[in-house]
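Spelled out from the first residue to the last, the chains are:
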Amino acid sequence: MTPIPSHLRILACAFSALVGALFEPRPGIAQPAAAAASQDGFSWTLDAAGQGLFAAHAFWGLAQTFAPTAGYDSRGAWFETYVRPGVTVRRALDAATAVYGGVSLVASGTLGDDVFLQGDTGRVLVDDAYLGVRRTLRGGTVIDASAGAQRYMLGHGLLLAVGAGNGYERGAVTLAPRRAWGNTAIVRATHGPATVEAFWLDPNELASSDTGTQLAGGRAQWAPDASTSFGVAWFEVLRSTAPYPQAPVRLIENGRDGLAVTDLHARWAPTTGPLAGLSVSGELAIQRNDRIAMKAIGWGGEVGWRIAGLPLQPRVSWSPRYFSGDQPGTPDRLERFDPLFYDASPATWSSGGNGSLAFYNSNLRVDRFRVDLTVSPRDFVNLNYWNVRAAQADSPIQYGQAGRLVGQGGGVALVSGVPVRPLTQELYAEWTRALSQRVFLTAGFGIAVPDDGLKALVPTGARTWVGGLLNLAYRH
């Protein structure tokens, strides 16, 4: 039996002690000391979670087909946990100027092996560490400049949302507690409904897969009211060693270096009138890199409707997405979309519950249907269905996935990806119970059924990937 590292034992004991403290009887939930500190320019936060997971037939049998000697075990159970304490401060220098800052740490770990066969590991690392200054000019324009490790999201999170790597040596791959960029410089000017900003971002990548990526750009947004916003952004990857896969199984060295992106995003969600409850949002990204003859596109949107007059107050939504894949017939060009640092949670841009661990948002065509239900003031249920297809057949879905020789035109050709586009159909159901204002219990269960594309790759029969989780979380 593999011994459990001491830092993970300490982390597990700390989480157990925290859970015990949360359920200890106390007179009320309010935190008057913390509230008073917030009024004085100081506030603190504490997030913590423990999550048990299991999986059966992970990756549908692909590992057994294409790496039969690796001995991959597609069944397993593991436990993830993290604790994130943080503090923020703000001090007014005069009536027009204030300085602020924040620091947070994340201690995370995994006990047992996850689906990537990574386990019994974890790290305690700085997440946020930033300083900023905010000044209101005559005429009402507000200038805000900040730098350091902090969170930043562009648009709705299609490309730039999670600035830190999770999983592997850091543990907690599905909880993904780290989100702050490793280093940033952001200058923002706001006047009424208009905002313009410039940003430089350096992601906090995993030490085991650090590509040295840095990017910079700018954004403009118009938000005439709380229900409406329109934005446009442009940025460029200043340097990166991240390779790009190209059909059939070629890797382009330093492919991301020099990538230029134009991003458009919008949202409309009226709160009054006959259309109250409707929400429409979308984001479009156009990518170019003349150095490697790359041109790619990715887009996604959501149309949702909250029907407050019906029992359970259902919100139903449809979210179509498209991320271009490389065309095998154009060896001198690359059309594969780079999802960069997107938000991969089931409620946002993931391409499945279980499938989010296998599919990155590239060479995919996805439709997600979701229903959110308010069962009681403390109980919430969401039901998700994904139909996932490849945007381009015989083209990498990940990095040369399923490279193989096939007969073609009387000869033999090297291809990758899937021969036909349907990949999976997946159902994921999740129930959350608010045990208190700060403590939440969540159970989730997902079934990812292989479709014709995956079935064609597994001659012994692709299996249905089943997975589930039980999560206890505290948020302050």
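Residues numbered from 1 in each chain as written. Predicted model: local features only at pLDDT ≥ 70, side-chain atom pairs only at ≥ 80, totals over all residues. Heavy atoms only, no water.

A few words on the overall build of the protein chain. From N to C terminus, the protein chain includes four helices and 22 strands. Of all 476 residues assigned to the protein chain, the portion counted as buried reaches 47%. Summarising the internal contacts of the protein chain: among those between residues at least 6 apart in sequence, 62% fall at separations of at least 24. Carbon together with sulfur atoms contributes 61% to the accessible area of the protein chain, which is approximately 21800 Å² in total. (Helix = DSSP H or I, 4+ residues; strand = E, 2+ residues; numbered from the N terminus. Buried < 20%, exposed > 50% of the residue type's maximum accessible area, 1.4 Å probe, protein only. Contact = heavy atoms within 4.5 Å. Areas by Shrake-Rupley, 256 points an atom, 1.4 Å probe, with all protein chains shown as cover.)

With that settled, consider the pairing of strand β22 (residues 465-475). Within a regular strand, the side chains alternate between the two sheet faces. Within β22, eight of the eleven residues are buried, leaving the element largely enclosed by the surrounding structure. Bridge count for strand β1 (residues 42-56) against β22 is ten bridges, and the pairing is antiparallel. The residue of β22 that forms the bridge with Ala-55 is Gly-467. As judged from the ten bridges shared by strand β21 (residues 439-450) and β22, these two strands associate in the antiparallel manner. The residue bridging Ala-448 from the neighbouring strand is Trp-465, located in β22. (Pairing = 2+ DSSP bridges.)

Per the counting criterion, the structure on display carries 14 salt bridges. With its nearest N and O atoms 2.8 Å apart, the salt bridge here joins Glu-302 to Arg-368. You can see Glu-302 sitting in strand β14 (residues 294-306) and its partner Arg-368 sitting in strand β16 (residues 364-376), a full 66 residues away along the chain. Neither residue differs from the other here; Glu-302 and Arg-368 are each classed as buried. Note that Arg-365 is salt-bridged to Asp-367, the shortest N-O span being 3.3 Å. By relative accessible area, Arg-365 is classed as partly exposed at 24%. Here Asp-367 falls in the buried class, since its relative accessible area comes to 10%. (Salt bridge = Lys/Arg side-chain N within 4 Å of Asp/Glu carboxyl O.)

As a rule of thumb, nonpolar side chains are buried together in soluble globular proteins. Within the largest apolar cluster, 55 residues are counted, with the highest numbers of intra-cluster contacts made by Leu-159, Leu-160, Phe-235, Leu-423 and Trp-465. Going through the elements one at a time, β1, β7 (194-202), β9 (228-239), β14, β16, β17 (379-389), β20 (422-434) and β22 are the ones with two or more residues in this core. For this core, the element with the highest residue contribution is β9, accounting for three residues. With residues up to four places along the chain from it excluded, the contact list for Phe-235 reads Leu-154, Leu-159, Leu-160, Phe-199, Leu-215, Ala-216, Gly-217, Leu-259, Ala-260, Val-261 and Leu-340. (Core = buried A, V, L, I, M, F, W, Y, C linked by side-chain atoms within 4.5 Å.)

This part is about a nonpolar patch on the surface. Taken together, the side chains of Trp-268, Leu-275, Val-280, Val-303, Trp-318 and Phe-369 make up a nonpolar region of the molecular surface, amounting to roughly 500 Å² of accessible area. Inspection of the secondary structure puts Val-280 in strand β13 (residues 278-289). Looking at Val-280, the relative accessible area reads 33%, which means it is partly exposed. (Patch = residues over 30% accessible without salt bridge, like charges linked within 9 Å, V, L, I, M, F, W, Y side chains within 5 Å.)

In this structure, Pro-248 follows Ala-247 across a cis peptide bond, with omega equal to 0°. For Leu-117, which is not glycine, the phi torsion reads 60° and is therefore positive. Mapping Leu-117 onto the fold places it in the loop between β3 (97-113) and β4 (119-136).

Here we take up the side chain of Gln-246. Relative to the helices and strands, Gln-246 is located in strand β10 (residues 244-246). On the basis of relative accessible area, Gln-246 is assigned to the buried category, the value being 4%. A polar atom in the side chain of Gln-246 sits 2.6 Å from the side chain of Arg-250. When near neighbours in sequence (up to four residues on either side) are disregarded, Gln-246 contacts Ile-252, Asp-326, Thr-330, Pro-331, Arg-333, Leu-334 and Pro-396. (Polar contact = N/O pair within 3.5 Å; in protein donor to acceptor, adjacent residues only side chain to side chain.)

Our focus in this paragraph is the environment of Pro-339. Within the fold, Pro-339 resides in the loop between β15 (315-323) and β16. Taking the C-alpha atoms as reference points, Pro-339 and Ser-362, 23 residues apart in sequence, are found 6.5 Å from one another. Ignoring sequence-local partners within four residues, the contact set of Pro-339 consists of Leu-158, Leu-159, Asn-361 and Ser-362.

Let's shift gears to the pairing of β9. The sheet contact formed by strand β8 (residues 214-225) and β9 spans ten bridges and is antiparallel. Looking at the pairing, Arg-219 lines up with Ala-233 of β9. Two successive antiparallel strands, β8 and β9, enclose a turn made up of two residues. Alignment of β9 against strand β12 (residues 260-268), held across nine bridges, turns out to be antiparallel. Considered in β12, the bridge of Ser-229 is made with Arg-267.

Topologically, Ala-147 is positioned in strand β5 (residues 142-149). Along the primary structure Ala-147 and Leu-131 are separated by 16 residues, whereas in three dimensions their C-alpha atoms are 5.8 Å apart. Once residues within four sequence positions are removed from consideration, Ala-147 is found in contact with Ala-129, Tyr-130, Leu-131, Thr-184 and Ala-185.

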